Amino acid sequence: MSNALFAGVDVGSLSTDVVLIDSAGATRAEVVFPTGINGAEAAQKAYDLALEQGGISRDQIKAVIATGYGRAAVAFASGKTTEISCHGVGAHHLFPDTGTVIDIGGQDSKVIQVDGRGRMLDFSMNDKCAAGTGRFLEVMAAQLEMNLNELSDPRHVSGESVQISSTCTVFAESEVISLLAKHTPREQIINGLQRSIVNRIWSMVISIGIQGEITITGGVAKNKGLVTVLEEKLGMHLNVPDNPQTVGALGAAHIAQRGFKDE
Amino acid sequence: MIPNRSEYLKQQALQGQKIMGVLPALYPKELLWAFDILPAEIWDPPGDIVKANRHLQTTICPIVKQSLEFILTEPGIVNAGYLFPHTCDSLQNLGSQVKDMIGVPVPVYTFYNPKGNFNKATRAYYGDILNEFLQVLADVHGPPDIEKLRAACELGLKIDGRRIELQQARMTDRLSLNSQQYFQLIRAAEFMQPVDYLYLLNQVEIQDEPLKSHAIRFLISGILPPNDMTLSFLDDLGIGIVAEDLLAGSRRIPIATLDPPADPIEYLTDRFFLLPPCSTKAGSLDHRQQYLKKLASDSKAQAVLFNIVKFCEPELFDHRSLVKSLKNEGLPVLSLETELLPGLSGQTQTRIEAIVEMMGDEVLA
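Residues numbered from 1 in each chain as written. Chains lettered and ligands numbered in written order. Predicted model: local features only at pLDDT ≥ 70, side-chain atom pairs only at ≥ 80, totals over all residues. Heavy atoms only, no water.

Quick look at the sheet that holds strand 3 (residues 82-85) of chain B now. The pairing of strands in a sheet comes from backbone hydrogen bonds and takes either a parallel or an antiparallel form. Residues and elements named next belong to chain B. Spatial ordering of the open sheet is given by 2-1-3-4, a layout of four strands whose pairing is parallel. Both edges of this open sheet fall to strand 2 (37-41) and strand 4 (108-111), since each of them pairs with a single strand only. For this sheet, the mean angle separating the axes of adjacent strands, direction not counted, is 30°. Two strands pair when backbone bridges link them, and strand 1 (residues 18-22) and strand 2 are joined in this way by five bridges, in the parallel orientation. Bridging from a neighbouring strand, Met-20 pairs with Pro-39 of strand 2. Sitting on the sheet, helix 1 (residues 5-14) touches strand 1 and strand 2, and the angle it makes with strand 2 is about 155°. The strands that helix 5 (residues 120-141) touches are strand 1, strand 2, strand 3 and strand 4; relative to strand 4, the one it contacts most, it runs at about 165°. (Pairing = 2+ DSSP bridges. Helix = DSSP H or I, 4+ residues; strand = E, 2+ residues; numbered from the N terminus. Axes fitted to C-alpha atoms, helices over the stretch in contact; angles between N-to-C directions. Contact = heavy atoms within 4.5 Å.)

Below, the discussion takes up the domain arrangement of chain A. Residue and element names in this part refer to chain A. With domains assigned, chain A is organised as domain 1 (1-95 + 245-263) and domain 2 (97-240). Averaged C-alpha coordinates put domain 1 and domain 2 at centres separated by 26 Å. When domain 1 packs against domain 2, the two sides together hide about 1600 Å² of surface, and 63% of this comes from carbon and sulfur. Of all residues in domain 1, the largest losses of buried area upon contact with domain 2 belong to Ile-84, Phe-95 and Gln-245, amounting jointly to 39% of the total for that side. Viewed at the interface, domain 2 and domain 1 are joined by zero salt bridges. The interface formed by domain 1 and domain 2 includes seven residue pairs in polar contact (both at pLDDT 80 or more). (Domains from an automatic or database assignment. Buried area = accessible area lost by both parts, 1.4 Å probe. Salt bridge = Lys/Arg side-chain N within 4 Å of Asp/Glu carboxyl O. Polar contact = N/O pair within 3.5 Å; in protein donor to acceptor, adjacent residues only side chain to side chain.)

Our focus in this paragraph is the interface of chain B and chain A. The extent of an interface is frequently quoted as the accessible surface area lost upon association of the parts. If you look at the interface, chain B gives 16 residues, while chain A gives 21 residues. Interface area for chain B against chain A, summed over the two sides, is near 1800 Å², with a carbon-plus-sulfur share of 47%. At the boundary of chain B and chain A, one finds three salt bridges. Glu353(B) serves as the salt-bridge partner of Arg71(A), at 2.8 Å between the closest nitrogen and oxygen. Counting across the chain B and chain A interface gives nine residue pairs in polar contact (both at pLDDT 80 or more). Among the elements that take part in the side of chain B that touches chain A, helix 13 (residues 346-358) of chain B stands out by supplying nine residues, more than any other.

Empty space among the atoms becomes apparent when a probe as large as a water molecule is rolled across them. All names here are of chain B. Following the criterion strictly, the structure yields two cavities of 30 Å³ or more and no others. Its volume calculated, the largest cavity comes out at about 340 Å³. Surrounding the largest cavity, 23 residues form its lining, Tyr-27, Lys-29, Glu-30, Arg-252 and Arg-271 being those nearest its centre. Looking at the lining of the largest cavity, its residues break down into 16 nonpolar, one polar and six charged. (1 Å grid on protein atoms, 1.4 Å probe; cavity = no way out; pocket = protein on both sides within 12 Å on 5 of 7 lines; lining within 4 Å. Points joined across faces, edges and corners; volume = space filled by probe spheres on them. Nonpolar A, V, L, I, M, F, W, Y, C, P; charged D, E, K, R; others polar.)

Glancing now at the layout of surface pockets. All names here are of chain A. Counted as a void, the second largest pocket has a volume near 680 Å³. At the level of elements, strand 1 (5-11), strand 2 (15-22), helix 2 (83-94), helix 3 (134-143) and helix 4 (148-151) are the ones that each hand at least two residues to the lining of the second largest pocket. Broken down by element, the residue count for the lining of the second largest pocket peaks at three residues, all from helix 3. Of the residues contributing to the lining of the second largest pocket, the split by class is seven nonpolar, 15 polar and 10 charged. Shared between two domains, the lining of the second largest pocket takes at least three residues from each, and those domains are domain 1 (1-95 + 245-263) and domain 2 (97-240).

Put into structure tokens, the structure is as follows:
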């Protein structure tokens, strides 16, 4: 048992993430790989890279849990779990006092309530529209001719802001075009965009409520400007993992470990 | 076992049957049966919406769009008119639009159900509109035969009675039908001849002893059940829908037994006021909350699934409060949104699987 290792594979819309942990729960390898058009292939490649990175042989892995929208395509997985459960468990592992998880991914966003073991108690999910997701930021960054790192600069959210639609990416994009045509300073537009996403997240937060500490996960958690605005709106500090993108895969690896112990 | 709606209605039309195209949901079928008219609800099966979009805003619900698409592309089934009950403002407006602006070669009828909290005056009003509708039909199809109307009510009473038995059997695990089969059976009431439908209901075997219970027991609420793929997916996950509060289902069946009809109009009035609470009747929300809690308790449901039709105003007005109230009772709630399309999206699968995980199974096979 002491040499046993466990894997979590999160096949997301933009990246496929793999985390390998040992029986003590320590991370032994972590890989982020572009998903592309073939989730199954991406999962296999990312898994192979993780094994190589950790110097681990395949037979050391005792259980693999697949998660993310492409979880059904991971043929080598021993089970599958939704990314909602996995983000809850992953966030709890990193920040044990987490009671609420805000996960903002590439194509959807979720607010998850968890118990003292990281198990999901309730969730709210925005999966019908790109507003309030990473995709929204990508579209806007392209329109503003910036990269995502530049867009995320927290200095942009400290000054004046403009109002931008939080209900539709397409409407918001045309609003941005109009604002640019009127020579509105880019900082004000970026500030408005960050607040627009936060308003969308806020509506999910109030639908299920907040408990305990809040941990933010998913690739968008790297956006420092957004985290600043969200903290301001919530009136609370947010726990931000070092690698927010791989929290789902980390949670999946821990679920694999729990299942193995239970057997 | 259950006939295909389109094929069944085509056969009926070929045999010279008078068929009225009806919009959902609460209307006096018995009056139509008494005039040998078969009411056929035209909101199913779903198909591509092409022509209807020219007449409707994008924020109109897919039931209205689907129904109008049927009317605009009608395949020669409806020959006795269209009936628009006042289920919601969108359907009422569609009735006006079809009658006054689009135009159809058959009569267009409306039936304005009472709304709000019911009292003596509402009851008198309902009796009046039944009599008025009877007269409207008589003007076209000849004088009503009261004995025939009484017989139609008796047939309706038998159907209601059997539906209640089947609902009870479903709640106590004594039906061997899966969710897909069960809802196909329930929705066959929307288009079948009452005699054929009663025969079909009587063919369903109710077991003396409970069968193996479902791993997870769900109560479903909303306008109509999820599509077949979603129902199969729920079945595969071990989720059994043991009770339903659907406008296409139990909201059309009285909650108490009625006496055999001496006066048909009195009987139909009694029947209407014994129907379960429903968002389309705009009654007390508190009454609806209590009703759903009792239904969950009686059926031992462990969770509630709301199947919400996109842009369905009556349901969406109640939804938020109902969810809060049920969660306060400790019942997990899953809300799905439907546009009446076939198929099962990855997002919907994730929502369903997540609630299963929340209720116990962290890892799915």
